[in-house]
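# Topology and contacts: notes
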Amino acid sequence: MSSETEIRPFRVDVPEEEVAELRRRIAATRWPEQETVTDDSQGVRLAMMQELARYWGTGYDWRKCEARLNDLPQFMTEIDGLGIHFIHVRSRHGDALPLIVTHGWPGSIIEQLKIIEPLTNPTAHGASAADAFHLVIPSLPGHGFSAKPTTTGWDPVRIARAWVVLMKRLGYNRFVAQGGDWGAAVTQQMGIQAAPELLGIHSNMPGTAPADITKGFERGDPPPPGLSAEELRAYEQLSSFYAKHVAYALIMATRPQTLYGLADSPADLAAFMLDHGDGTGQPGLVEKALEGTLQSALTRDDLLDNITMYWLTNTGVSAARLYWENKADFFDAKPITIPFAISVFPDELYQAPRSWAERAYPHNLIYYNRLDRGGHFAAWEQPDLFSSEMRAAFRSLR
């Protein structure tokens, strides 16, 4: 390979002084006064943040996460002038289906760590060898250990093209793709571009809303007549999201460089990230995880692993720029004609109605399933259930 296409092994090795500096900054946090309400309607509550900071600064161990990452095959390669970091785990089953999974914000490759073993080694998890995947998990540009773009243009469209280059560089001439959140935007762009090597895509946050109603829920208009009960619920969920929960995205989409606190204050970075919760509320999912009452695999250390990665790589602002770069809507139906599989988790930002999915993708919807648990961070929250969905969703494409 030339130097431009070389694939180099990668290991995480954070200097101890950087970890010590993180702890020092946490301890030096200047806190505001307590919120004037008894709920989280003003944002992440002071008591929760102070308790998290106490543990983060004194009890949390980044080295456990670092060791876990270094137990996995990690690599760097340059695509379109930018260094891309990725995990690449090949199944021992030779006929496994290659799958590229893309994280979102405020996530990272940490979101997908718990699905690696079930997807690459299905026989150890009650599934068939015929359901095995070779797994590629890249870090988005400006996120994690991928390089930070120094010029404009790295939007989901360009990232989608880069992911095809990555998969082909790894020797895969047929593969599938999956994503939620930004991963959904990138994966759906891959679906629109329809590279001949791409067999199909899956999303747990799919764009399905009809074009004639999308602007309505973005503006907060009353629901149009004629919606079914399922469609009305989806419309109201999306209206609520745009009315009450999208402020974090608007500031990143318009003024990402202004967010200097994300680079200077661990507490600010953590609060800003934690305020992006599940469809059940912001940050209700987080509070339950911190309390240990969440009925899922998500733990306090999982959350801090992810936040700490953002801090140590100083990617709070560079990750925010993806919102500035993006020009497409999230939830509207997309012009995708290749096979499309959809999983609907009950605590996602909205539950995509089957009727919308079938209307949007009448000839290529190969899988649609509604789950009884899980949410926006499905692979993180419910890794076994998510892995089962991947097997079922792509079975017809093997």
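Please refer to the structure higher up on the page.
My aim in this report is to walk through the structure given alongside it, one point at a time. All of these numbers come straight from a predicted model, not from anything done at the bench.

Moving on, we come to the packing of helix α2 (residues 46–58) against helix α11 (residues 266–274). Helix-helix packing: each pair is described by the crossing angle between the helix axes and the interaxial distance. At their nearest, the axes of α2 and α11 sit 11 Å apart, and the two run at 125° to each other. One finds that α2 runs oblique with respect to α11. Judged by the sense of rotation from one axis to the other, the crossing of α2 with α11 is right-handed. Contact residues: α2 offers Met48, Met49, Leu52 and Trp56, while α11 offers Pro266, Ala267, Ala270, Ala271 and Leu274. Grouping the constituent residues of the contact of α2 with α11 by class yields nine nonpolar, no polar and no charged.

What follows covers the pattern of salt bridges. Counted by the stated rule, this structure contains 19 salt bridges. Ionic pairing is found between arginine 395 and aspartate 131, a salt bridge with its closest N-O pair at 3.1 Å. Of this pair, arginine 395 sits in the segment after α17 (383–394) while aspartate 131 sits in the loop between α4 (113–120) and β5 (133–138), placing them 264 residues apart in sequence. A salt bridge links aspartate 212 to arginine 359; the shortest N-O distance between them is 3.8 Å. A residue pair is termed long-range when its members are at least 10 positions apart, and aspartate 212 in helix α7 (residues 211–219) and arginine 359 in helix α15 (residues 354–360) qualify at 147 residues. For the pair shown, aspartate 212 and arginine 359 are each scored as exposed.

Relative to the helices and strands, glutamine 382 resides in the loop between α16 (378–381) and α17. Residue glutamine 382 is classed as buried on the basis of its relative accessible area, which comes to 10%. Other than its neighbours up to four places away in sequence, glutamine 382 contacts Gln295, Ser296, Arg373 and Gly374.

To continue, consider the packing of helix α3 (residues 62–70) against helix α13 (residues 300–313). In contact at an axis separation of 10 Å, α3 and α13 are set at 85° when each is read in the N-to-C sense. Taken together, the axes of α3 and α13 lie roughly perpendicular to each other. Contact residues: α3 offers Trp62, Cys65, Arg68 and Leu69, while α13 offers Asp302, Asp305, Thr308, Met309 and Leu312. Its residues assigned to classes, the contact of α3 with α13 shows five nonpolar, one polar and three charged.

Cut-offs applied
Residues numbered from 1 in each chain as written. Predicted model: local features only at pLDDT ≥ 70, side-chain atom pairs only at ≥ 80, totals over all residues. Heavy atoms only, no water. Axes fitted to C-alpha atoms, helices over the stretch in contact; angles between N-to-C directions. Helix = DSSP H or I, 4+ residues; strand = E, 2+ residues; numbered from the N terminus. Parallel < 35°, antiparallel > 145°, perpendicular 65-115°, else oblique. Left-handed = near helix turned anticlockwise from the far one by under 90°. Contact = heavy atoms within 4.5 Å. Nonpolar A, V, L, I, M, F, W, Y, C, P; charged D, E, K, R; others polar. Salt bridge = Lys/Arg side-chain N within 4 Å of Asp/Glu carboxyl O. Buried < 20%, exposed > 50% of the residue type's maximum accessible area, 1.4 Å probe, protein only.

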